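# Report on the structure
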Amino acid sequence: TIVACQNGIGHAHRLFPLAPKSTVMPAVVSIIAERIRPGHVVHFRGRRLTVADDDHGRRFAALMGGSGLEIHLEPDVQRAVWLKFMANIAAAPVTTLTCRRMDVLGDPAVQDLLRGLINEALAVGIADGVNLNESDVDATMKLLGGLDSATTTSMQADRTAGRSLEFEELSGTLDRVARKHGIDAPLNRAILALLRCLRSPKG
């Protein structure tokens, strides 16, 4: 069993070709931390990993017993994955493009953009068969509003450090799934175009 502790969706699809005899289990990471230099990580808050409430998830929870991590078993893990994805699809690009930390999310104009991005992701998720509803937009906005303004997203931290960026796995993936279902997501498409203009360290 491979536990994919990674932002985004579609982990099983990406990892299966590398380990076709394994079960890929996505884990939603509710941990806010920042690598400030090699070998040094600042942990702000959170210790939870959310995994499926099945045999694989329960075995993983038992394995992690005493580790300091909190393993939450979730019957509808795809919903949990998409809820985290909806938050990431909004916060990560905005902080990265503005080179700002979470404080930028409090700007009223930015909040309108965040809500628009989350609404687009909601529509795509529902079309993809995920159990989501309109109340999840308000819940996601509340989640983002409660984040410490001094923290940042992993993608913004990667840009600051000159590392490769994960926007294809976030905004790019939402664009591909939206196109598959014939859903127009213009805000995400515009954000993705801007992100693709950022040169990666590999140029």
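The following paragraphs examine the structure supplied in this document. (Residues numbered from 1 in each chain as written. Predicted model: local features only at pLDDT ≥ 70, side-chain atom pairs only at ≥ 80, totals over all residues. Heavy atoms only, no water.)

The secondary structure content of the protein amounts to eight helices and four strands. Along its sequence from the N terminus, the protein presents helices and strands in the succession β-α-β-β-α-β-α-α-α-α-α-α. In terms of C-alpha radius of gyration, the protein reaches 17 Å, essentially the compact-globule figure of 17 Å for 203 residues. Once the C-alpha set of the protein is aligned to its principal axes, its extents read approximately 45 × 40 × 35 Å. Counting only contacts in the protein whose residues sit at least 6 apart along the sequence, the fraction spanning at least 24 positions is 57%. Accessible surface for the protein amounts to roughly 10,900 Å². Of this, 53% is attributable to carbon and sulfur atoms. Averaging the locations of the 24 positively and 22 negatively charged side chains of the protein gives two centres separated by 7 Å. (Helix = DSSP H or I, 4+ residues; strand = E, 2+ residues; numbered from the N terminus. Rg over C-alpha atoms; globule rule 2.2 N^0.38 Å. Contact = heavy atoms within 4.5 Å. Areas by Shrake-Rupley, 256 points an atom, 1.4 Å probe, with all protein chains shown as cover. Lys, Arg positive; Asp, Glu negative; His and termini not counted. Charge placed at Lys NZ, Arg CZ, Asp CG, Glu CD.)

Moving on, we come to empty space enclosed by the protein. Within the structure shown, the criterion is met by one cavity of 30 Å³ or more. In this model, the largest cavity occupies a volume close to 80 Å³. Lining the largest cavity are Gln6, Asn7, Gly8, His11, Pro26, Ala27, Val28, Val29, Val81, Lys84 and Phe85. Only strand E2 (24–37) and helix H3 (77–98) provide two or more residues apiece to the lining of the largest cavity. Sorting elements by how many residues they give to the lining of the largest cavity places E2 first, with four residues. The residue makeup of the lining of the largest cavity, split by class, is six nonpolar, four polar and one charged. (1 Å grid on protein atoms, 1.4 Å probe; cavity = no way out; pocket = protein on both sides within 12 Å on 5 of 7 lines; lining within 4 Å. Points joined across faces, edges and corners; volume = space filled by probe spheres on them. Nonpolar A, V, L, I, M, F, W, Y, C, P; charged D, E, K, R; others polar.)

On to the nonpolar core, then. Trp82, Leu105, Leu114 and Leu144 are the most contacted members of the largest nonpolar core, which totals 44 residues. The leading source of residues in this core is H3, at twelve residues. In contact with Leu105, other than residues within four places in its own chain, are Ala91, Val94, Thr95, Val110, Gln111, Leu114 and Leu144. Counting residues in hydrophobic clusters, the runner-up holds six residues, among them Met25, Ala27, Val51 and Phe60. (Core = buried A, V, L, I, M, F, W, Y, C linked by side-chain atoms within 4.5 Å. Buried < 20%, exposed > 50% of the residue type's maximum accessible area, 1.4 Å probe, protein only.)

In this structure, the largest pocket encloses a volume near 1,200 Å³. Taken together, 43 residues line the largest pocket, and the ones lying closest to its centre are Asn7, Val29, Ile31, Lys84 and Asn88. Of all the elements in the fold, those that place two or more residues in the lining of the largest pocket are E2, strand E3 (40–52), strand E4 (70–74), H3, helix H5 (135–145) and helix H6 (154–161). Residues that form the lining of the largest pocket fall into these classes: 20 nonpolar, eleven polar and twelve charged. In this structure, the second largest pocket occupies an estimated 210 Å³ of space.

What follows deals with helix H8 (residues 186–196). Three or more residues of H8 are buried, namely Asn188, Ile191, Leu192 and Leu195. Along the axis of H8, the buried residues cluster in a sector spanning 100°; they form a single face. (Arc of directions from axis to C-beta.)

Turning next to helix H4 (residues 108–127). In this model H4 runs 29 Å from its N-terminal to its C-terminal C-alpha over 20 residues, within 8% of the 28 Å that 1.5 Å per residue would give. Among the residues of H4, those classed as buried are Val110, Leu114, Gly116, Leu117, Ile118, Glu120, Ala121, Leu122, Val124 and Gly125. Residue Asp107 occupies the N-cap position of H4, its side-chain oxygen lying 2.9 Å from the main-chain nitrogen of Ala109. Positioned one or two residues after H4, Gly129 has a phi angle of 90°, which is positive. (Expected span 1.5 Å × (residues − 1). Polar contact = N/O pair within 3.5 Å; in protein donor to acceptor, adjacent residues only side chain to side chain.)

What follows concerns the side chain of Thr140. Here Thr140 is to be found in helix H5. Judged by relative accessible area, Thr140 falls into the buried class, the value being 4%. At a separation of 2.7 Å, a polar atom in the side chain of Thr140 contacts the main-chain carbonyl oxygen of Asp136. Not counting chain neighbours up to four residues away, the residues in contact with Thr140 comprise Met86, Ala87 and Ile118.

Strand order in the open sheet formed by four strands is E1-E2-E3-E4, with mixed pairing between adjacent strands. Either end of the sheet is taken by a strand with one partner, and the two such strands are strand E1 (2–5) and E4. Here the average twist between neighbouring strands, direction ignored, is 25°. Here E2 pairs with E3 via eight bridges, running antiparallel. (Pairing = 2+ DSSP bridges. Axes fitted to C-alpha atoms, helices over the stretch in contact; angles between N-to-C directions.)

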